Amino acid sequence: MEFNLLSNIVEFCNTEKKNMAQAMLEYEMRNKHLSKEQVLDGLKRVLLVMEDSVEQGLTQIVMSPSGMLNNWAKTVYNAKTDTLGPALKKATARAIAVGEVNACMGKIAAAPTAGSAGIMPAVLVTMMEEHNIPREKILDGLLVSSAIGLIFAKNSSFAGSEAGCMGETGSAAAMGAAAIVYLLGGNNDQILEAVGFALKASMGLVCDPVGGLVEEPCTTRNAVGVANAFVSAQMALAGIKSLIPADEVIFATKEVGDLMSPRLKESAQGGLANTKTGREIQKRVFKPAS
Ligand code: SF4
């Protein structure tokens, strides 16, 4: 069966009596001509890269060449004040850690993009730690998030130059929310509700990186994307419904991305990139060598 909509995947699960992770495992095997072991090995490698990037950002000196990012992950991780307990603080720090490693040209898993690479690792590492979820199950969570990524890529866009930051951190938050719901025992309908919530919260989010570098506001936006994922999953697991179905929300992100000004789509000409301070930073970073 071709998966063009999230509802197609749910239909397949219902007909075949499979969960979403099993459906996506079969999809990967069928479409990429891989064995089950090969798919799972690939996922294990992705998870390892995610964990390493979190670890690096939290333990090594990480200052981006532009100077915009300077060991913020450790600052957050070691902060004395928790707004909502240590779990959220640590998840926030983990997302920033990956953003900092990315800005320093370190190795990250672009899931779905480099700019939004902090959200999935922060979600998955936090789920492992807070809920004692075994690694094998986390791989299933990755498969579930891949379902959201697959359909988002088909019907909208991951590119900041096409869909703004809604396409990058918005889709990553939706993928993270889906994984959380699945890992906490939610059903397919709840997974889709969480996706709807996360994308609605990101609707219209512009891409306005200062100096065209994936640092500001990207890194802190990843941290907020993690909160979006957990809040969206929380609402879905509680039984609240997104009145607009997830597939329709995805189509709406495509429409909104198309309507967005090119100045707000990765060109570094609008939004935060075009503030007085944003322009000053750009001048300082790109000052010709004397
Ligand atoms: S602001 Fe633009 S470059 Fe930065 S994470 Fe968002 S989409 Fe990517």
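Structural data are supplied above this passage.
Residues numbered from 1 in each chain as written. Predicted model: local features only at pLDDT ≥ 70, side-chain atom pairs only at ≥ 80, totals over all residues.

A. Inspection of the overall build of the chain at higher detail. Counting secondary structure elements, the chain contains 12 helices and zero strands. Listing the helices and strands of the chain from first to last along the sequence gives α-α-α-α-α-α-α-α-α-α-α-α. The C-alpha radius of gyration computed for the chain amounts to 19 Å, which stays within 12% of the reference 19 Å derived for 290 residues, consistent with globular compactness. Taking the principal axes of the C-alpha coordinates as reference, the chain spans close to 65 × 40 × 40 Å. Within the chain, the fraction of its 290 residues that count as buried is 50%. (Helix = DSSP H or I, 4+ residues; strand = E, 2+ residues; numbered from the N terminus. Rg over C-alpha atoms; globule rule 2.2 N^0.38 Å. Buried ≥ 20, exposed ≤ 12 C-beta atoms within 10 Å, placed from the backbone.)

B. The arrangement of the packing of helix α7 (residues 135-155) against helix α8 (residues 160-183) in detail. One way to put it is that α7 packs onto α8 with a least axis distance of 8 Å and a crossing angle of 140 degrees. As the angle between them shows, α7 and α8 are arranged oblique. In this structure, α7 crosses over α8, and the sense of that crossing is right-handed. Contact with α7, carried on its side by K137, D140, G141, L142, V144, S145, I148, G149 and F152, involves S171, A174, M175, G176, A178, A179, Y182 and L183 of α8 and no other residues of that element. The class makeup of the residues in the contact of α7 with α8 is 10 nonpolar, five polar and two charged. (Axes fitted to C-alpha atoms, helices over the stretch in contact; angles between N-to-C directions. Parallel < 35°, antiparallel > 145°, perpendicular 65-115°, else oblique. Left-handed = near helix turned anticlockwise from the far one by under 90°. Contact = placed C-beta atoms within 7 Å. Nonpolar A, V, L, I, M, F, W, Y, C, P; charged D, E, K, R; others polar.)

C. Structural context of the site of the ligand. Near the ligand you find 14 residues, and of these G115, G160, C165, C207 and C218 are the closest. Elements with a contribution of two residues or more to the shell around the ligand: α8 and α10 (218-238). Per-element tally for the shell around the ligand: the top contributor is α8, with four residues. Considering only residue class, the shell around the ligand consists of six nonpolar, four polar and four charged. (Near = placed C-beta within 6 Å.)

D. Up close: α10. Taking 1.5 Å of rise per residue, the 21 residues of α10 would be expected to cover 30 Å, and the 30 Å separating its terminal C-alpha atoms lies within 8% of that figure. Positive backbone phi, approximately 105 degrees, marks G239, located one or two places after α10. (Expected span 1.5 Å × (residues − 1).)

E. Broad picture of the packing of helix α6 (residues 119-131) against α7. Where α6 meets α7, the closest approach of the two axes is 11 Å, and the angle between their N-to-C directions is 145 degrees. You can see that α6 and α7 cross each other, and the crossing is right-handed. Contacts between α6 and α7 involve M120, L124, M127 and M128 from the first element and I138, G141 and S145 from the second. Across the contact of α6 with α7, the residue classes tally to five nonpolar, two polar and no charged.

F. Seen up close, the nonpolar core. Ranked by size, the top nonpolar core spans 84 residues in total, and within it A177, A178 and V195 carry the most contacts. Beyond its immediate stretch of four places on either side in the chain, V195 contacts L6, I148, A174, A177, A178 and A246. In terms of nonpolar packing, the next biggest core, distinct from the first, is built from seven residues, A163, M166, C207 and L264 among them. (Core = buried A, V, L, I, M, F, W, Y, C linked by C-beta atoms within 7 Å.)

G. Up close: unusual backbone geometry. Cis geometry marks the peptide bond from A111 to P112; its omega dihedral reads 5 degrees. P217 follows E216 through a cis peptide bond whose omega is 10 degrees. Looking at where P217 falls in the secondary structure, it is placed in the loop between α9 (188-202) and α10. Its identity as a non-glycine residue notwithstanding, K17 has a phi of 55 degrees, on the positive side. Here K17 shows up in the loop between α1 (6-16) and α2 (20-32).

H. Highlighting the environment of S156. Tracing the sequence through the fold places S156 in the loop between α7 and α8. Given 25 C-beta atoms within 10 Å, S156 falls into the buried group. Sequence-distant contacts of S156, defined by excluding residues within four places in its chain, comprise A163, G167, I250, T253, K254 and G257.

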